[in-house]
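So you can see what is in the structure, the chains are spelled out below.
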Amino acid sequence: MPSREQASSSAASKTGVTGFSLPLPYRLFFLVIEPIATLVGAYYAHFAQSRYLELTHAASAPSPIPLGTSIAMSQLANLYFAFALSEALVLRSTSDLRVWKTVLFCLLLADFGHLYTVRSLGYQIYWSILRWNAIDWGNIPFVYLGASMRVEGPETWLEFHKNEFQPKPFGDYDVDIKIECCGVCASDVHTISGGWGEQHFPLAVGHEIVGRAIRVGPKVTLIKEGQRVGVGAQSYSCLDCRQCKNDNETYCRKQLDTYGAVWPDSGVVSQGGYSSHVRTHEHWVFPIPDALPSTTAAPMLCAGLTAYSPLVRNGCGPGKKVGIVGLGGIGHLGVLFAKALGAEVWVISRSHAKEADAFKLGADGFLATSDKGWNEPHVMTFDLIVNTANSFDGFDLDAYLSLLDVHAKWVSVGLPEGDGIKVRNQTFLSNGCFFGSSHLGSRRETLEMLQLAADKGIRTWVEEVPISDKNLSNIMTRLHKNDVRYRFCLTNYEDQFGA
Ligand SMILES: NC(=O)c1ccc[n+]([C@@H]2O[C@H](COP(=O)([O-])OP(=O)(O)OC[C@H]3O[C@@H](n4cnc5c(N)ncnc54)[C@H](OP(=O)(O)O)[C@@H]3O)[C@@H](O)[C@H]2O)c1
Ligand SMILES: [Zn+2]
Ligand SMILES: [Zn+2]
């Protein structure tokens, strides 16, 4: 029986071209491995797209993903390429027209594939040969880069640029979310302006995210593909320590933030919701009740939870007098939730400017710290005060604390920049009050809060703003000056990042 080398060289000599024997590994690659891989890729791309994305490790895959036909065509083009190249190499027949016709045919086919892809994905974020090829040619490992509005550093914190980013590798418990809207938290300003110290730049902030789950990991049980979901300020904890097992995962020593955190395994820096997509462990992905519009729900995922958790943990309810210091994003949701929980609620603001709004939100009373002797009529009458102030300018702690009843609680959630303020034991002596803080809230609390909001028809007061570099610069400036009533929510993601 003639060997394959002999067969190919005799075929070559029939066409009048000198043959040569291609080393076995090359022959195996061109004639066996590549065609099989290509056909398998084409099969999955066409008939089982979600499996295809799993196989190809598509990070934050766009939705809708490229047409199956476009990938299949490109895969076929790959196949022809492989045959043409192998023929060229085996026969060394660069003058053989048939080889070049095959190459041209495959290029034509590939072009159609590309055109289909561009048509299905839009030009906006796919105008990049690298990603285009990765998506269109179905190369393994497939690398899709998300797009985000990022800041380069604190010196230019009002300049947002659209960049690409690569999320952490897709894990078994991860959910990829195509973002629909995102609230703007004062923490975003503290972070990018450098007020909280060094950060990992370039960085996209935003941690009040609502979008659609477009892909779930094989071990995900809490979220279904296609569900409308939200993500807040936290994206990871060990789920195994004493804190995690007691609904205190927010306080886990291994907790990671939704943006600016370094994932321990991959070293990837997490990017927030001013982006096309976000990838999050299912524990920190929350189904949004149908009754809540997306832009109402988004700000609840950080601001709402930051208010809700200290309220429920510290006995807010009927018969309790609760104060909220600062009527901003967290503060106004604090008023809404404290009211929904049945307490008597007082807003403590710096001036009377927001008084009418406070009553519209449902507050029972309003104190303006600019009034002389503002605290005196209420000394030692409050059961709980949640402080949301994000600065210490002119902050008279003693006057605020004087409002608390014996052993009542002061919980600060605001995180002002700078060195903070000095306290002495004497500060707490007159009423023996407790002085504490609170960080976000647990998954259980998040789900409870969203349900309460849905049941009671609670509505965040939002100013919707289409996401763009100019608008971001503008709203950051306004938020920095406390000029918002009461939460900005970024919208129109498809216009910015493509469908
Ligand atoms: N602990 C957590 O888990 C957590 C989570 C999210 C955010 N935060 C932090 O919470 C703070 C508030 O966030 P936010 O998004 O609600 O901010 P925001 O919308 O800007 O509201 C802050 C409010 O604080 C009041 N305020 C500002 N400076 C003050 C001062 N010197 N003295 C007294 N009151 C002052 C203002 O209310 P008036 O005009 O009514 O006085 C302002 O509207 C930020 O520092 C943020 O980083 C903490
Ligand atoms: Zn926040
Ligand atoms: Zn833990």
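Keep in mind it's a predicted model, so treat the numbers as computed, not measured.

**Digging into the overall build of the protein chain**
Across its full length, the protein chain carries 15 helices and 17 strands. Among the 499 residues that make up the protein chain, the fraction classed as buried is 44%. Summarising the internal contacts of the protein chain: among those between residues at least 6 apart in sequence, 73% fall at separations of at least 24.

**As for the pairing of strand S16 (residues 462-466)**
Summarising the sheet, S16 and strand S17 (residues 487-491) pair through five bridges and their orientation is parallel. Residue Val-462 lies in a different strand from S17, and its bridge partner there is Arg-487.

**Considering the packing of helix H9 (residues 303-313) against helix H10 (residues 329-340)**
Across the interface, H9 lies against H10 with an axial gap of 8 Å and an inter-helix angle of 50°. Here H10 runs oblique to H9, going by the angle between their axes. H9 and H10 meet at a crossing whose hand is right-handed. Of the residues in H10, those touching H9 at Ala-303, Gly-304, Thr-306, Ala-307, Tyr-308 and Leu-311 are Gly-329, Ile-330, Leu-333, Gly-334, Phe-337 and Ala-338. Among the residues forming the contact of H9 with H10, the class breakdown is eight nonpolar, four polar and no charged.

**Regarding unusual backbone geometry**
Here the residue pair Phe-201 and Pro-202 is connected by a cis peptide bond, since its omega of -5° sits within 30 degrees of zero. Looking at where Pro-202 falls in the secondary structure, it is placed in the loop between helix H7 (186-192) and strand S4 (209-216). Positioned with a positive phi, Leu-239 is a non-glycine residue whose angle comes to about 65°. Tracing the backbone shows Leu-239 in the loop between strand S6 (234-236) and strand S7 (256-257). Exposure remark for Leu-239: the 15 C-beta atoms within 10 Å place this residue in the partly exposed category.

**Digging into the nonpolar core**
Of all hydrophobic cores here, the largest spans 96 residues; its most connected members are Ile-177, Ile-209, Met-300, Val-335, Ala-338 and Ile-385. If one sorts the elements of this core by residue count, H10 sits on top with seven residues. When near neighbours in sequence (up to four residues on either side) are disregarded, Ala-338 contacts Leu-311, Cys-316, Val-322, Ile-324, Ala-343 and Val-345.

**Structural notes on the site of ligand 1**
Taken together, 32 residues form the shell around ligand 1, and within it Ala-186, Gly-326, Gly-328, Ser-349 and Asn-390 come nearest. Looking at side-chain class alone, the shell around ligand 1 contains 13 nonpolar, 16 polar and three charged residues. When residues of the shell around ligand 1 are assigned to domains, at least three map to each of domain 2 (151-299 + 461-497) and domain 3 (303-439).

**Focus on the environment of Ala-233**
Within the secondary structure, Ala-233 sits in the loop between strand S5 (228-231) and S6. For Ala-233, a count of 26 C-beta atoms within 10 Å translates into the label buried. For the pair Ala-233 and Trp-284, spaced 51 residues apart in the sequence, the C-alpha separation amounts to 8.9 Å. If sequence neighbours within four positions are ignored, Ala-233 has contacts with His-207, Asp-257, Thr-258, Cys-302 and Leu-440.

**Here's the deal with the environment of Ser-351**
With respect to the helices and strands, Ser-351 occurs in the loop between strand S11 (344-349) and helix H11 (355-361). With 10 C-beta atoms packed within 10 Å, Ser-351 lands in the exposed category. Ser-351 sits 16 residues away from Leu-367 along the chain, and the two C-alpha atoms are 8.2 Å apart. Residue contacts for Ser-351: discarding those within four places in its chain leaves Ala-368 and Ser-370.

**Structural notes on the sheet that holds strand S13 (residues 382-387)**
Spatial ordering of the open sheet is given by S12-S11-S10-S13-S14-S15, a layout of six strands whose pairing is parallel. Each edge of the sheet is formed by a strand with only one pairing partner; in this case those strands are strand S12 (365-368) and strand S15 (434-437). In this sheet, adjacent strand axes meet at a mean angle of 20° when their direction is disregarded. With four bridges connecting them, strand S10 (residues 321-325) and S13 associate as parallel partners. When the sheet's bridge partners are listed, Val-322 is paired in S13 with Leu-384. Packed on one face of the sheet, H10 meets S10, S11 and S13 and runs near 165° to S10.

**Observations regarding H9**
In an α-helix, one turn spans 3.6 residues, which is why side chains three or four residues apart end up on the same side. Burial of H9 is extensive: nine of the 11 residues sit out of reach of the surface. Where H9 is concerned, the buried positions are Ala-303, Gly-304, Leu-305, Thr-306, Ala-307, Tyr-308, Ser-309, Pro-310 and Leu-311. Against strand S3 (174-184), H10, S13, strand S14 (404-412), helix H13 (443-456) and S17 lie the buried residues of H9.

**Notes on H10**
The end-to-end C-alpha distance of H10 is 17 Å, a good match for the 16 Å that 12 residues give at a rise of 1.5 Å each. Most of H10 sits out of view: 11 of its 12 residues are buried. For H10, the full list of buried residues reads Gly-329, Ile-330, Gly-331, His-332, Leu-333, Gly-334, Val-335, Leu-336, Phe-337, Ala-338 and Ala-340. The positive-phi residue at the C-terminal boundary of H10 is Gly-342, with phi of around 100°.

**Focus on the packing of H9 against H13**
The interhelical angle for the contact between H9 and H13, taken along N-to-C directions, is 100°, at an axis separation of 10 Å. Classified by the angle their axes make, H9 and H13 are roughly perpendicular. Where H9 abuts H13, its residues Gly-304, Leu-305, Tyr-308, Ser-309 and Val-312 lie against Glu-445, Thr-446 and Met-449.

**Let's talk about the pairing of S10**
The element S10 is extensively covered by neighbouring structure, given that five of its five residues are classed as buried. Side chains Lys-321, Gly-323 and Val-325 project from S10 onto one buried face, and the interleaved Val-322 and Ile-324 project onto a second face that is buried too. Pairing analysis gives five bridges linking S10 to S11, with the strands arranged parallel. Across the sheet, Gly-323 pairs through a bridge with Trp-346, a residue of S11.

**Section: the confidence of the model for the protein chain**
When pLDDT is averaged along the protein chain, the result is 83, and 71% of the positions lie at 70 or above. Taken together, the stretch residues 1-20 has pLDDT below 50 and engages in 22 contacts with residues farther than four places along the chain or on a different chain. Every residue in residues 122-144 scores below 50 in pLDDT, and together they form 54 contacts with partners more than four places removed in sequence or on other chains.

The rules behind each value
Residues numbered from 1 in each chain as written. Chains lettered and ligands numbered in written order. Predicted model: local features only at pLDDT ≥ 70, side-chain atom pairs only at ≥ 80, totals over all residues. Helix = DSSP H or I, 4+ residues; strand = E, 2+ residues; numbered from the N terminus. Buried ≥ 20, exposed ≤ 12 C-beta atoms within 10 Å, placed from the backbone. Contact = placed C-beta atoms within 7 Å. Pairing = 2+ DSSP bridges. Axes fitted to C-alpha atoms, helices over the stretch in contact; angles between N-to-C directions. Parallel < 35°, antiparallel > 145°, perpendicular 65-115°, else oblique. Left-handed = near helix turned anticlockwise from the far one by under 90°. Nonpolar A, V, L, I, M, F, W, Y, C, P; charged D, E, K, R; others polar. Core = buried A, V, L, I, M, F, W, Y, C linked by C-beta atoms within 7 Å. Near = placed C-beta within 6 Å. Domains from an automatic or database assignment. Expected span 1.5 Å × (residues − 1). pLDDT = per-residue confidence, 0-100.

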